[in-house]
Amino acid sequence: MKQRVVTAMMGLVIFLVPLVIGGSVFALLVAAMAVVGFMELLRMNQLSLFSMPAFIGLLLSLFLLVAGPQSTFIPNDALLMSMIVAVWLLLLVTVISANRYNFEKVAFVAFAALYVGFGLHFFLAARLEEGFAFVLFVLIAIWATDTGAYLFGRKFGKRPLWPKISPKKTVEGALGGFALALVASVIFASFWPPFPSLWLTIVAVIVISVAGQCGDLVESAFKRYYNVKDSGKILPGHGGILDRFDSLIFVFPALYVLMI
């Protein structure tokens, strides 16, 4: 627990300072998160980090990060073209490597790039376009959901939420996480309203809490399938980047859809 607390405090400073500064400093932080997250997925599947598919997937992930639907400086045509070229090159690798990299492996690489690149793109775009207060509101809702789910689950948890994927998560914990997220978000919104009405704020909290817990379950499913405890070791006591940011990879794209 001591290690977890120390890591959390140091990580919070490293994470919050670029978040407050914004701009290129924050963009570099998110790019670093994308690189590490992509490599964590490759390690889960025991794929080499030093290979042509890994290099192609990493480039695609970074391009998706800066050229997603909310990009204002790279057109959608360029985004589509990059995806076509990357998939084309990955498929050619199956031939060049004589199926040492087969269809399943290159498909995993492509989807890993999509998962990390698009997921973090919306996080980056939200900070650059919506501002610090909006992103902080979302992060508080995510953190409150995680904290509430943990506390309520330990105290009142009886009914498993999804035992085959994450045995320790409970229905009571999920509801407690939503309740704490709602309280924390409404308090925050009373000072810095992220939306024009309270009802829209509540709808956003519902989306954030549900999507955040879905993102956590998806990451748990990945780890259970590949039989790993954590996605990585970069954060001692917490695991990897995907262990800590799996929720926001789901939440920010969900909010984009909601706002459309």
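All of these numbers come straight from a predicted model, not from anything done at the bench.

A. Quick look at the pairing of strand E2 (residues 166-170). Where strand E1 (residues 160-162) lies against E2, two bridges are found, and the strand directions are antiparallel. Note on E2: the bridge partner recorded for proline 160 is threonine 170. Between E1 and E2, which follow one another and run antiparallel, lie three residues.

B. Region of interest: the nonpolar core. Leu120, Phe123, Val138 and Leu248 are the most contacted members of the largest nonpolar core, which has 62 residues in total. It is helix H5 (residues 103-130) that provides the largest number of residues to this core, a total of 14 residues. Those residues in contact with phenylalanine 123, other than ones at most four positions away along the chain, are Phe15, Phe26, Val30, Met33, Val135, Leu139, Leu248 and Phe252.

C. Just the packing of helix H8 (residues 198-225) against helix H9 (residues 241-259), in detail. Taken N-terminus to C-terminus, the directions of H8 and H9 make an angle of 135°; their axes are 7 Å apart at the nearest point. Relative to H9, the element H8 lies oblique. Classified by chirality, the crossing of H9 by H8 is right-handed. Where H8 approaches H9, its residues Val203, Ala204, Val207, Ile208, Ala211, Gly212, Cys214, Gly215, Asp216, Val218, Glu219 and Lys223 are matched on the opposing element by Leu242, Asp243, Asp246, Ser247, Phe250, Val251, Ala254, Leu255 and Leu258. Of the residues belonging to the contact of H8 with H9, the class tally is 13 nonpolar, three polar and five charged.

D. Summary view of H9. With 19 residues, H9 should cover 27 Å at 1.5 Å per step; its first-to-last C-alpha distance of 27 Å lies within 8% of that length. Among all positions in H9, only Ile241, Leu242, Asp243, Phe245, Asp246, Ser247, Leu248, Ile249, Val251, Phe252, Pro253 and Leu255 are buried.

E. Structural view of the UniProt feature "transmembrane region" (unreviewed entry) in the chain. The feature "transmembrane region" (unreviewed entry), as annotated in UniProt, sits at residues 12-35, 47-67, 79-99, 106-126, 132-152, 173-192 and 198-218 in this numbering. For residues 47-67, the helix share is 71%, the strand share is 0%, and the end-to-end C-alpha distance is 26 Å. Along residues 79-99, the helical share is 86% and the strand share 0%, with 28 Å between the first and last C-alpha atoms.

F. Main features of the environment of glycine 215. Examined against the element boundaries, glycine 215 turns out to sit in helix H8. When the C-alpha atoms of glycine 215 and phenylalanine 245 are compared, they prove to be 8.9 Å apart, with 30 residues separating the residues in sequence. Those residues within four positions of glycine 215 in sequence are excluded, and the remaining contacts are Asp246 and Phe250.

G. Broad picture of unusual backbone geometry. The backbone phi angle of alanine 98 is positive, close to 55°, even though this residue is not glycine. With respect to the secondary-structure elements, alanine 98 resides in the loop between helix H4 (76-96) and H5. For asparagine 227, which is not a glycine, the phi torsion comes out positive at approximately 60°. Looking at the secondary structure, you find asparagine 227 in the loop between H8 and H9.

H. Quick peek at a nonpolar patch on the surface. A contiguous nonpolar surface patch, about 710 Å² in accessible area, is contributed by Met81, Val85, Trp88, Leu89, Leu92, Val95 and Ile96. With respect to the helices, strands and loops of the structure, valine 95 is situated in helix H4. Residue classification places valine 95 among the exposed positions, given a relative accessible area of 62%.

I. Summary view of the environment of leucine 182. You can see leucine 182 is positioned in helix H7 (residues 171-191). Judged by relative accessible area, which is 25%, leucine 182 ranks as partly exposed. Distance from leucine 182 to isoleucine 206, taken between C-alpha atoms, is 7.9 Å for residues 24 residues apart in sequence.

Definitions and limits used
- Residues numbered from 1 in each chain as written.
- Predicted model: local features only at pLDDT ≥ 70, side-chain atom pairs only at ≥ 80, totals over all residues.
- Heavy atoms only, no water.
- Pairing = 2+ DSSP bridges.
- Helix = DSSP H or I, 4+ residues; strand = E, 2+ residues; numbered from the N terminus.
- Core = buried A, V, L, I, M, F, W, Y, C linked by side-chain atoms within 4.5 Å.
- Buried < 20%, exposed > 50% of the residue type's maximum accessible area, 1.4 Å probe, protein only.
- Contact = heavy atoms within 4.5 Å.
- Axes fitted to C-alpha atoms, helices over the stretch in contact; angles between N-to-C directions.
- Parallel < 35°, antiparallel > 145°, perpendicular 65-115°, else oblique.
- Left-handed = near helix turned anticlockwise from the far one by under 90°.
- Nonpolar A, V, L, I, M, F, W, Y, C, P; charged D, E, K, R; others polar.
- Expected span 1.5 Å × (residues − 1).
- UniProt positions renumbered as here; feature names shortened; annotations may be inferred.
- Patch = residues over 30% accessible without salt bridge, like charges linked within 9 Å, V, L, I, M, F, W, Y side chains within 5 Å.
- Areas by Shrake-Rupley, 256 points an atom, 1.4 Å probe, with all protein chains shown as cover.
- Salt bridge = Lys/Arg side-chain N within 4 Å of Asp/Glu carboxyl O.

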